[in-house]
Each structure stands twice: as C-alpha cells, then as structure tokens.
Amino acid sequence: MKVLKNKIIPLIETVLQDYDLEIEKCEDLIQDPRDRNVCDLCIPCFSLAKILKENPIKIAENISKKINELSGEDIEVKSLNGYVNFSSNPKWLANKLFLENYEFFEDVNKKNILIEHTSANPNGPFHVGRARNAILGDCLVRLNREIGNEVIAEYYVDDMGKQVGILSWAIENIPIDEVESILKNNQIDDLNPMWKNKEDHIRVRWYQAANILRKDNLKIEEELTEIINKSEEGDEEVLTKFNNAFQPILDGMLETLSKLGINYDSFTNESKFIIDGSVNKIMKDLEKSELFGEAENGAKYLELSEKGVSGKSTKFFFRRGDGSSLYATRDLAYHQWKWGKAEKLINVLGEDHRLQSKQVSVALNELNIKAPEVVFYAFIKLPEGKMSTRKGNVVFMDDLIFEAEEIALKLLSERNIKIEEKEKLKIAKAVASSAIRFNILKVSPEKGFTFKWEDALSFDSDSAPFIMYSHARSCSINKKVKNLGLKEETLELSEIEINNSISKLLRTIFRYEEAIEKSILENKPNHFCYYMLELSTAYNLFYRDCPIIVDSKINVFNYKVSEYSRKLLFRGCNALGIIPLESM
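Just so you know, these numbers come straight off a predicted model, no measurement behind them.

Enquirer: Can you help me understand the overall build of the protein in this one?
Expert: Each helix and strand in the protein was counted, giving 22 helices and 16 strands. Dimensions of the protein along its principal axes, counting C-alpha atoms only, are 85 × 65 × 40 Å. Across the 584 residues that make up the protein, the buried fraction comes to 53%. In the protein, the proportion of contacts linking residues at least 24 apart, taken out of those at least 6 apart, comes to 76%. Summed over all atoms, the accessible surface of the protein reaches about 28100 Å², with 46% contributed by carbon and sulfur. Treating the 80 positive side-chain charges of the protein as one cloud and the 93 negative ones as another, the clouds have centres 3 Å apart.

Right, dumping it as structure tokens:
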C-alpha cells in the first residue's frame, strides 16, 4: 500500500537513527504481510536482530512504541512475534479518497515504450498456443497505459523466409482438389464449414499440404530454396508474391485477435531492413567485432563462448556463405530501428527463443545497441502434447471463442432473465472473450499449463465473469440512485461509522496502484489478476453488508465508496482486457 508506505518511511527513518543504523533504503525493510487481515504492511525485525544483537521481539516492541509516539491517529502500529505491524485507519483512507482526491500513479516516471508481441508467422489461424503471446503482450500494453506510459503496440511481420515461402509456393503449385486429397490421406480434418469464408482457415490447408509433399522431395526443396533466397535478397517480385499469399491470412488472424480486444498501433515488415540497406550495414559492423569468425564455406559469425553462451550453438551466424543474411541478422537491424521509436523496448517471446534472444543480446552489445527487456512465456499444451500448425494438431482460437460464446449463451438462458436476444448475445461475447483472456493471464508467464476446455470456460469465483459481475453490481447501484433522483448530501467523515466490510474494501482499493506497478515491474499480469479478484470479493462483501438506499434515502458515504469502487473496477477490467459490462 503505497500511501501508507509513504506515510511510515519518514517515521521509520527517525526511529532507526536512535539505533545508529545506517540503512541505505528504509523502504527495503517494509514488506507485505502474509495475512492481510493482520495488518497492511510490516517490518520483520530478524535481520535487525543480527545487526543489533538483540531479541527481535524486543526490537519490534521498542520500534512500535516509538513510532506510535510520532504517528498520531492515521495509523496503528503494533508489535507481534518480532514483527512491527502497520495498519491504516480507514477514516484516514476515506479522507484521502474523498476529501483530498488522492490520485494513483502521480509519482510514476512516465516513459515511451514499444512492446512487440505476437509477431506470429502469417501461415495459418491462431491456435491457443500462439494466443498466449498476444494476450500477454496486449495486457502489458494496457497495464503500462493505465499508469500513464505512452505505448506503441508493435507487430513484426515475417513477410519473407521459409514459412511464407512454403505458403506462397503451395498456393502457386498445388490445386485445391489435390490439397484436400493430401490432407484427407494424412488424417487431417476437413475445413470447418463455419470458417469456409475465413482466409486464414482456408489457406493454412495449402501450407499443411506443402509440408507433407516436401518430405523427401528434393525438387520441391530446391524450388523452395530458390524463392526463399530471392526473398532474403529483397527480390521485389518474390516479395510481392509472398505478400499476396500471406496478407489474407494475416487479416484473418487480426480479425480473430480483435474478438479478444487485441489491436496494434504499427506493423513492420522484416523485408524493410533488407530493402533499406540497414542489414548490410549491420553485417559490415559485426565483422569489426573481436568475436568475428569465418567458416570454411564463407559463412560469417560471432563466437559467443566467452559471453555466457554455452552448448552446441556458441556461434552466432549472421551471414551465409553466399552473402545473404539470416533472420537473426535482420532482427538486429529491427532492434536498432525500434530504439529510434521508444526509450524502453519489451519483447514477448516463447521460452524456446531463450538461446536466440541471448545471442541477439550479445550481438547488439557488440554493435553498441542496448538489448531489450524480454518476457518469456511457457507453452500451452493439449492433453495429448504440443500444438503445431504444420501438423494440424491444434485448438484454433476461433473455435474456442465460438464454443465459449455458446456456453455463455446457455448459462444466460438457464438464469431465465428477461433480456432481448441481441443484448444476450452481446453479454455472451463479452463473457467469452474476457473468460479466455483471464484464464491465460492468471497463470504466471513462466509456468506452462495443459489447455482444458472446462478450465478455459470456467465461470467460477476465480474467473473473469466474477469480476464482471461485481462491476455490473456497482453499476446497478449507480442506476438505482439516478432513477430515484436522490441527491447527495455533504459528506461529514467525522460522523460516519466504518464497519469491517468498508474497512477491508478501502484497504483493497489503496493497493490498486501497487498491484499494477508490481505486474509492470515483473512483466507478470497474473499479480494484477489476483488483485482484481480480491477487489471484487471485497466489493461484494461491502454490497452485502452496507446498504446504500434505505427508506428512499441515500447513505452518502456508502454511495461514494460504491462509486469509487465502480470506477476502479472499470479501470482494472480495461487494464486486463476484461469487458466491463453494466448489466449481466
């Protein structure tokens, strides 16, 4: 709780001076408690006991007594089992919110940030495994914007190279009836009729068929090598063919992501850095490095064994023997370009990119270019194994979203609420999108999990619909007050009684900025997911215990607490990409 931390730091500094302790940052002594019912913040005195050679229980008692003499009524300080426990007076918190108009994130150092995420090869529809990158990246964009950062959401388009080369070759060389025959013979399902007009679902079948055909087929491999090499040399005709092949797929992928509230500010093609000459300059600059080496076939590389890169791949190849560049080389040019757009870069990558990312970071350092922050995420698996677009063993996001909408519609129908079909469909779509996002975001990025339909579409108390319903409740209160035409009276905090439910809600409200800042600092939205569940739970307890309208009169204080909660739930939902419906 930042407001409390700012209050107690000067008090702690004053008290510690009596012990002749030189603590560089008093803030480092302060911790969140394991049980928030005990206190809001605490100081464990065990590390101080080692320095002072005193009993930690005695130290905690002495510090508590001295801080209480200085603090006044705004906070309560108690010692317990070697801890100094700090609790906020709820009236002080209420005063901060409603009379002092406390604003979150006022002291945050605002930055310009470019977050590159998704950047999936445009060779087929999004499957659940790919979508984790997009959902995680989009949430980091939203969280950073919530605290006031200027953010560019960037998509790096792989418009050249092997994947789109295979797609382009397939569309040009394999007739549609042959595609279907190849896939049928290899036990790949027919095209779902629901997606018969969606190009990403249609064209991926050419990509899958080509991957089957090219096995042990030297002629196809030679043709692919030729066009791929031409693309990497910036051949305009080949790049145009590639673009015509993948653009309809990319459009379909973006349509799917838009159903999940995911959008981008800019798209940058990989070929740009071949065409503008920046890749050639990068390769020349790398040859000046002390790490530079050349293979027998003329390929050029950096030897990274002394830079913390171990294993089989200590060589970072940046130029082939025929003089063409590699993907990683173009990635260096791309990062150089990105630093011209922002003061902080974040890349969202799958855990299988760790080695490549390390190599790129070392190479960037050799070029005197700063490395970006990288968020690695573990993969989502099917119960039967890893997902693969090439092999066809995937759960497509379009199918998951449709299934989620159907289940949401069924649940709404079972509740027998009188509501128009159009409104019911709107709610179902919002619930489906929000539930899918939250199911992925609530798991820490570095932890993999097995995808299960029943988990993804859960509507339990640890889900997005639970948060959405809490927001809808707060909106219903707002609507009732307005419909009754009730007028607010002047708020007199000195006269109000604050029960446990209000106290808990106020304390939870003041942890909002800290929860977001922690998620941003660690690039882990799961922290904020669980905060939003706590905020929703606290609001529901308040809703149960604290009436706002009694005998056609408004309880001014309770209404103000409800309204502040409503606005905060709305902000928090948007920060996670949950759709904050006004009614459910």
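Enquirer: I tried to follow the packing of helix 15 (residues 397–414) against helix 16 (residues 421–441) on my own but got confused; where do I start?
Expert: Angle between the axes and distance between the axes: these two values describe a pair of packed helices. Relative to each other, helix 15 and helix 16 sit at 125 degrees, their axes nearing to 8 Å. Between helix 15 and helix 16, the angle is such that the two are oblique. Where helix 15 crosses over helix 16, the handedness of that crossing is right-handed. Contacts from Met397, Leu400, Ile401, Ala404, Glu405, Ala408, Leu409, Leu412 and Ser413 of helix 15 reach helix 16 at Lys424, Leu425, Ile427, Ala428, Lys429, Val431, Ala432 and Ile436. Counted by class, the contact of helix 15 with helix 16 contains 13 nonpolar, one polar and three charged residues.

Enquirer: Sorry, what's going on with the pattern of salt bridges here?
Expert: Side chains bearing opposite charge may pair, as long as their charged atoms lie close to each other. This model, assessed by the stated rule, comprises 38 salt bridges. Glu146 is the salt-bridge partner of Arg571, the closest N and O atoms lying 2.7 Å from each other. Of this pair, Arg571 sits in helix 22 (residues 556–576) while Glu146 sits in helix 5 (residues 128–146), placing them 425 residues apart in sequence. Given a relative accessible area of 18%, Glu146 falls into the buried group. Note that Arg566 and Glu563 form a salt bridge whose closest N and O atoms lie 2.7 Å from each other. With a gap of three residues between them, Arg566 and Glu563 both fall in helix 22, about one helical turn apart. For Arg566, a relative accessible area of 19% puts it in the buried group.

Enquirer: Would you mind going over the nonpolar core with me for this structure?
Expert: Generally speaking, soluble globular proteins have nonpolar side chains that are buried together. The biggest cluster of nonpolar side chains holds 140 residues, and the ones touching the most others in it are Ile63, Phe86, Phe528 and Phe557. Residue contributions to this core peak at 10 residues, all from helix 22. Counting residues in hydrophobic clusters, the runner-up holds 29 residues, among them Leu286, Phe316, Trp339 and Ala342.

Enquirer: Whenever I open this one, the sheet that holds strand 7 (residues 292–294) confuses me. Can you help?
Expert: Strand pairing in a sheet relies on backbone hydrogen bonds. The paired strands run either parallel or antiparallel. Strand order in the open sheet formed by three strands is 7-8-9, with antiparallel pairing between adjacent strands. Two strands lie at the open edges of the sheet, namely strand 7 and strand 9 (315–319), each paired on one side alone. Taken over all neighbouring pairs, the strand axes of this sheet differ in orientation by 35 degrees on average, direction set aside. Where strand 8 (residues 300–303) and strand 9 come together, four bridges link them in antiparallel fashion. Following the sheet pairing, Lys300 is matched in strand 9 by Arg319.

Enquirer: For this particular structure, what's the right way to read the packing of aromatic side chains?
Expert: Scanning the entire structure with this criterion turns up 25 aromatic pairs. Judged by centre distance (5.7 Å) and plane angle (80 degrees), the ring pair of Tyr102 and Phe104 falls under edge-to-face. Just as Tyr102 is buried, Phe104 falls in that class too. A ring pair is formed by Tyr377 and Phe379, whose centres lie 5.8 Å apart and whose planes are at 75 degrees; its orientation type is edge-to-face. You can call Tyr377 buried: its relative accessible area is 7%.

Enquirer: What should I look at first to understand the sheet that holds strand 1 (residues 41–44) in this one?
Expert: Across the sheet, which stays open at both edges, the three strands sit in the order 1-3-2 with antiparallel pairing between neighbours. The sheet is open, and its two borders are formed by strand 1 and strand 2 (75–80), each paired with just one other strand. On average, adjacent strands in this sheet sit at an angle of 20 degrees to one another, irrespective of strand direction. Here six bridges tie strand 2 to strand 3 (residues 83–88), and the two strands are oriented antiparallel to one another. The partner of Val77 across the bridge, within strand 3, is Phe86.

Thresholds applied
Residues numbered from 1 in each chain as written. Predicted model: local features only at pLDDT ≥ 70, side-chain atom pairs only at ≥ 80, totals over all residues. Heavy atoms only, no water. Helix = DSSP H or I, 4+ residues; strand = E, 2+ residues; numbered from the N terminus. Buried < 20%, exposed > 50% of the residue type's maximum accessible area, 1.4 Å probe, protein only. Contact = heavy atoms within 4.5 Å. Areas by Shrake-Rupley, 256 points an atom, 1.4 Å probe, with all protein chains shown as cover. Lys, Arg positive; Asp, Glu negative; His and termini not counted. Charge placed at Lys NZ, Arg CZ, Asp CG, Glu CD. Axes fitted to C-alpha atoms, helices over the stretch in contact; angles between N-to-C directions. Parallel < 35°, antiparallel > 145°, perpendicular 65-115°, else oblique. Left-handed = near helix turned anticlockwise from the far one by under 90°. Nonpolar A, V, L, I, M, F, W, Y, C, P; charged D, E, K, R; others polar. Salt bridge = Lys/Arg side-chain N within 4 Å of Asp/Glu carboxyl O. Core = buried A, V, L, I, M, F, W, Y, C linked by side-chain atoms within 4.5 Å. Pairing = 2+ DSSP bridges. Phe/Tyr/Trp six-rings, centres within 6.5 Å; stacked < 30°, edge-to-face > 60°.

Remember that the coordinates give geometry; whether it matters functionally is a separate question.
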